[in-house]
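Each chain is listed here by its residues.
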Amino acid sequence: MSVSIFETASNIYPRAIEQRLQIENLIDPAAIATSRLTEGKDAIAGLTQTPKTLPPRYFYDDRGSQLFEQICELPEYYLTRTETAILQKYATEIARLTGACELVELGSGSSTKTRILLDAYHKLGYPLHYIPVDVSAGILESSAKQLLTDYTTLKVRALASTYELALERLAPTFLPSRTICFIGSTLGNLTPSESDEFFARIFAALEVGEYFLLGVDLQKPKSVLEAAYNDRQGVTAAFNLNMLQHLNWRYDSNFELQNFEHWAFYNETEHQIEMHLRSLRSQTVQMRSLNLTVEFAERETIRTEISRKFNLKTLQQQLQTQGLIPLQTWTDTKNWFGLLLCQKK
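Residues numbered from 1 in each chain as written. Predicted model: local features only at pLDDT ≥ 70, side-chain atom pairs only at ≥ 80, totals over all residues. Heavy atoms only, no water.

## Some points on the sheet that holds strand S13 (residues 301-308)
Pairing is mixed across the open sheet formed by 4 strands, whose spatial order is S3-S13-S10-S9. Strands at the two margins of the open sheet, each flanked by one partner only, are strand S3 (52-53) and strand S9 (260-267). By the bridge criterion, 8 bridges tie S9 to strand S10 (residues 272-279) in an arrangement that is antiparallel. Residue pairing across strands places phenylalanine 260 opposite serine 279, the latter belonging to S10. (Pairing = 2+ DSSP bridges. Helix = DSSP H or I, 4+ residues; strand = E, 2+ residues; numbered from the N terminus.)

Written out as structure tokens, the structure is:
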């Protein structure tokens, strides 16, 4: 269903902005009802297997989102500022390569980096049409309001949706082409098989000649990688431990945060950072609303996240196998982060 946010706020925003914005909720109400019935099953599955795991989605309650914003500003956490610098240096080149096109961003959040691309397309005189995709309608609304105020010729069609559903439902663009953007190194959270499935969905969503812009973190010295996930201020540790606080609130659990510690290390065999929560003692945790009792041995861990680090040549081959042909790759001077522009052939 299609809903304009101005149905509830038409007295606040000028008509000129209202005409340039559309928000669509693609998440089926029936699916939402079903998800409520199955809520917590992913936590049960993860905590009853060996080794224990939890999905990264449990990082992001309000406190977790605030802590992640702080992480992005840490001196050790090079990822955000390095990708931003690459975009600032090469955004105009990207815009020239694609020509006038609609920008679709998966996991848009606050759309901060997207502004760099919008500025480049605007500078070249191209029309601005942006489709942010995020599961949070609130984030979509707030970021759209600001973008439409700052870019007076921009049109936004925001999709409150999962990636999978949004890619299936993309309408034909009225611009000459389309670029799907997946920046921010989120690909690293997917396993190799999940990455292949994701690339297949991107391929299916694009028409021949359209583009895919991908940002990835690259392999680098272990010392640099481990420092980025073990910052001196302890913000990443607080972010990781906050997952347990989120579970306490959501599932009426009694995790005691002082009984766990943050543990992040680089798995050199798999080329991935692994974040874990490690139990400091033998203990029992009750998750009352899930009717679940979880036993922990001393030093047993819960893996909360993987963040794969890529080799550019290997990744280019994987993309090409999926029908997404790399046209141009950009990196920073240290080769710490990569930005790839691919085209469906």
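Back to the write-up after that little detour.
## Some remarks on the pairing of strand S8 (residues 211-217)
A large share of S8 lies buried, amounting to 7 of its 7 residues. Where burial is concerned, the two faces of S8 agree: the one with Tyr211, Leu213, Gly215 and Asp217 and the one with Phe212, Leu214 and Val216 are both buried. Bridge count between strand S7 (residues 177-182) and S8: 4 bridges; the pairing is parallel. Residue pairing across strands places phenylalanine 182 opposite leucine 214, the latter belonging to S8. At this point the chain moves from S7, through helix H9 (residues 192-205), to the parallel S8, and the crossover so formed is right-handed. (Buried < 20%, exposed > 50% of the residue type's maximum accessible area, 1.4 Å probe, protein only. Right-handed = clockwise from strand over helix to strand, strands pointing away.)

## Things to note about the pattern of salt bridges
A side chain of one charge can pair with a side chain of the opposite charge if their charged atoms are brought near each other. The final tally for this structure, using the stated rule, is 14 salt bridges. A salt bridge links arginine 157 to glutamate 24; the nearest nitrogen and oxygen atoms lie 2.5 Å apart. Here arginine 157 is found in strand S6 (residues 155-160), whereas its partner glutamate 24 is found in strand S2 (residues 21-25), with 133 residues between them in sequence. Across the pair, glutamate 24 and arginine 157 agree in class, each one buried. As a salt-bridge pair, lysine 113 and glutamate 83 come within 2.4 Å of each other at their nearest N and O atoms. Remark: glutamate 83 occurs in helix H5 (residues 78-98) and lysine 113 occurs in the loop between strand S4 (101-106) and helix H6 (114-123); sequence separation between them is 30 residues. The pair formed by lysine 113 and glutamate 83 is uniform in burial state, with each residue classed as buried. Taken together, the salt bridges that share partners define one network made up of Glu39, Asp42, Arg57 and Arg250. (Salt bridge = Lys/Arg side-chain N within 4 Å of Asp/Glu carboxyl O.)

## What to know about the packing of aromatic side chains
Scanning all chains against the criterion turns up 19 aromatic pairs. For the ring pair tyrosine 58 and tyrosine 251, a centre distance of 5.9 Å and an interplane angle of 70° mean the geometry is edge-to-face. Highlighted residues: tyrosine 58 in the loop between S3 and helix H4 (62-71) and tyrosine 251 in helix H11 (residues 235-251), separated in sequence by 193 residues. The same class applies to tyrosine 58 and to tyrosine 251, which are both buried. Three or more aromatic residues joined by ring pairs make a cluster, and in this case those are Tyr163, Phe182, Phe198, Phe199 and Phe212. It is lysine 334 that lies over the ring of tryptophan 336; its NZ or CZ is 4.4 Å from the centre. Over the ring of phenylalanine 203 we find lysine 344; its NZ or CZ atom is 4.1 Å from the centre of that ring. (Phe/Tyr/Trp six-rings, centres within 6.5 Å; stacked < 30°, edge-to-face > 60°. Lys NZ or Arg CZ within 6 Å of the ring centre and 35° of its normal.)

## Quick notes on the environment of leucine 319
Looking at the secondary structure, you find leucine 319 in helix H12 (residues 312-321). For leucine 319, a relative accessible area of 0% corresponds to the buried category. Considering only alpha carbons, one finds leucine 319 and arginine 201, 118 residues apart in sequence, at a separation of 12 Å. Look past the residues within four positions of leucine 319 in its chain and what remains in contact with it is Phe199, Phe212, Leu214, Leu324, Pro326, Leu340 and Cys342. (Contact = heavy atoms within 4.5 Å.)

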